[in-house]
Amino acid sequence: MSSPFILLQHALPHHAVSRLAGKFASSETPWLKDRLIRRFIATYDIDMSQAARSIEQFASFNDFFTRELKPGARPLADAYEFVLSPADGAISQIGTIERGEIFQAKGRAFTASQLLGGDTAAAERFEGGSFATIYLSPRDYHRVHMPAAGALQSTTYVPGDLFSVNQVTAENVDGLFARNERLACLFDGAVGRFASVMVGAMIVAGIETVWSGRVEAHAPKLVHEDFALRDVSLKAGAEMGRFFLGSTVVLLFEPGRVEWLDGFEAGSTVRMGEALGRRVQPKAGA
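Every value quoted in this text rests on a predicted model; they were computed, and no experiment measured them. (Residues numbered from 1 in each chain as written. Predicted model: local features only at pLDDT ≥ 70, side-chain atom pairs only at ≥ 80, totals over all residues. Heavy atoms only, no water.)

Novice: Could you clarify how one ought to interpret the overall build of the protein in this entry?
Specialist: Scanning the protein from N- to C-terminus turns up seven helices and 18 strands. Across the 286 residues in the protein, those meeting the buried criterion constitute 54%. For the protein, the proportion of contacts with a sequence separation of at least 24, taken over those separated by at least 6, is 76%. For the protein, the accessible surface area stands at approximately 12900 Å², while carbon and sulfur atoms represent 53% of it. (Helix = DSSP H or I, 4+ residues; strand = E, 2+ residues; numbered from the N terminus. Buried < 20%, exposed > 50% of the residue type's maximum accessible area, 1.4 Å probe, protein only. Contact = heavy atoms within 4.5 Å. Areas by Shrake-Rupley, 256 points an atom, 1.4 Å probe, with all protein chains shown as cover.)

Novice: Help me understand the sheet that holds strand S6 (residues 143–145), please; the structure alone is not making it clear to me.
Specialist: Strand pairing in a sheet is mediated by backbone hydrogen bonds. Such pairs are either parallel or antiparallel. One open sheet holds the four strands; their spatial order is S6-S14-S10-S11, and the pairing between them is antiparallel. The outermost strands of the open sheet, each flanked by one partner alone, are S6 and strand S11 (213–215). This sheet shows a mean twist of 25° between the axes of neighbouring strands, independent of strand direction. Here strand S10 (residues 206–209) pairs with strand S14 (residues 239–244) via four bridges, running antiparallel. In the sheet register, Ile 207 faces S14, and the bridge partner there is Phe 243. (Pairing = 2+ DSSP bridges. Axes fitted to C-alpha atoms, helices over the stretch in contact; angles between N-to-C directions.)

Novice: I would appreciate a short explanation of the sheet that holds strand S18 (residues 275–279) in the present structure.
Specialist: Taken together, the three strands give an open sheet; going across it, the order is S1-S18-S16, and neighbouring strands pair in antiparallel fashion. Each end of this open sheet is capped by a strand with a single partner; those strands are strand S1 (82–84) and strand S16 (258–260). Averaged over all pairs of adjacent strands, the angle between their axes in this sheet comes to 40°, without regard to strand direction. Here S16 pairs with S18 via three bridges, running antiparallel. Bridging across to S18, Glu 259 finds its partner in Arg 278.

Novice: Explanation requested: the confidence of the model for the protein in the structure shown.
Specialist: Residues shown with low pLDDT carry predicted positions that ought not to be read at fine detail. On average, residues of the protein carry a pLDDT of 85, and 81% of them reach 70 or more. Note that pLDDT drops below 50 for residues 4–20; the model gives that stretch 35 contacts with residues more than four away or on any other chain. (pLDDT = per-residue confidence, 0-100.)

Novice: So what exactly am I meant to see when it comes to the nonpolar core here?
Specialist: Nonpolar side chains in soluble globular proteins tend to be buried together. Residues Phe 187, Trp 211, Met 240, Phe 253 and Leu 276 are the most contacted members of the largest nonpolar core, which totals 35 residues. Setting aside chain neighbours within four positions, we find Phe 253 in contact with Val 83, Phe 126, Gly 129, Ser 130, Pro 147, Val 191, Arg 193, Phe 194, Val 258 and Trp 260. With 18 residues, the next largest nonpolar core counts Phe 110, Leu 186, Ala 195 and Val 199 among its residues. (Core = buried A, V, L, I, M, F, W, Y, C linked by side-chain atoms within 4.5 Å.)

Novice: What is the right way to read the environment of Ala 25 from this model?
Specialist: Mapped onto the elements of the fold, Ala 25 is located in helix H2 (residues 14–26). Between the C-alpha atom of Ala 25 and that of Asp 63, which follows or precedes it by 38 residues, the distance is 8.6 Å.

Novice: In this structure, what is going on with the pairing of strand S2 (residues 89–96)? I would like to understand it.
Specialist: As a general feature of sheets, a regular strand has side chains that alternate between the two faces. Here S2 lies mainly inside the structure; six of its eight residues are buried. Alignment of S2 against strand S17 (residues 269–270), held across two bridges, turns out to be antiparallel. Within S17, the position partnered with Ala 90 by the bridge is Thr 269. Sheet topology note: the S2/strand S5 (residues 130–136) ladder contains six bridges and is antiparallel. Paired with Ile 94 across the two strands is Ala 132, which belongs to S5.

Novice: Explain the pattern of salt bridges here, please?
Specialist: Opposite charge on two side chains makes pairing possible when the charged atoms of those side chains draw close. With the rule as written, the count across this model stands at 13 salt bridges. Arg 53 serves as the salt-bridge partner of Asp 63, at 2.9 Å between the closest nitrogen and oxygen. Of the two residues, Asp 63 sits in helix H4 (residues 61–65) while Arg 53 sits in the loop between helix H3 (30–44) and H4, which places them 10 residues apart along the sequence. Residue classification places Asp 63 among the buried residues on the basis of a relative accessible area of 19%. In this structure Arg 53 comes out as partly exposed when scored by relative accessible area, which is 21%. Between Arg 125 and Glu 254 there is a salt bridge whose closest N-O contact spans 3.0 Å. Taken as a pair, Arg 125 in the loop between helix H6 (120–124) and S5 and Glu 254 in the loop between strand S15 (247–253) and S16 lie far apart in primary sequence, 129 residues in all. Classification of Glu 254 by relative accessible area gives buried; the value is 11%. Counted as one network, the salt bridges with shared partners bring together Arg 53, Asp 63, Glu 68, Arg 143, Glu 208, Glu 239 and Arg 242. (Salt bridge = Lys/Arg side-chain N within 4 Å of Asp/Glu carboxyl O.)

As structure tokens, this is what we get:
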């Protein structure tokens, strides 16, 4: 039987709630944005010592939420040897894509094709490959970075719901990460084809990328863009986007490209830039 928290999420008008939250979060009224920021910091015990700016310097709550860190706050592991964590957060699940399915929680799964907006050809390349799902809590740093160097091939905005993406919801809502609104980004690089999927959540007011700016939130239909000829190349550890209020990142890699490091499992805390997996050199002719 579903908990009241899950039942409430089913009943709420997700997009209307998110639009309302977005108006408050984008307000530049000094007393309002400062009060929101201070209350948020106190509620979630946020460490501001690594933030590059003080509370008064943020133009809005959104500006605070997507705050940059001081230089050197997130040292990068050796990107020639490792795949990097794309964000601060906690691992929701990590493992292998089997029979096209990505494990979610407690017997629940979704397919790579569903996650990528129904692109079966793109999903087939990840069969037998590696995946990692990283949850960004409200207290985390909310910029998303590149797990490896790559050239952007395409993006697909997929409309959907906006359920919370915490562990309780993951354990109780079928296909959660392939059900929520999301932006699937495909890259090619030395580590092969890989995907970084930014998944929206309850009261997420938007997603932004470094190459196109703000992605239209709560749009009515799927939007696919081809970037193969636009030369959008990013280094490992470079920022690729950010969330306006919390969410999740799902990484997909082709088979034989990445071996996750020992010790990482559901619930493990990660920081952007740390080594998450070891790069595997493809065999000759592969």
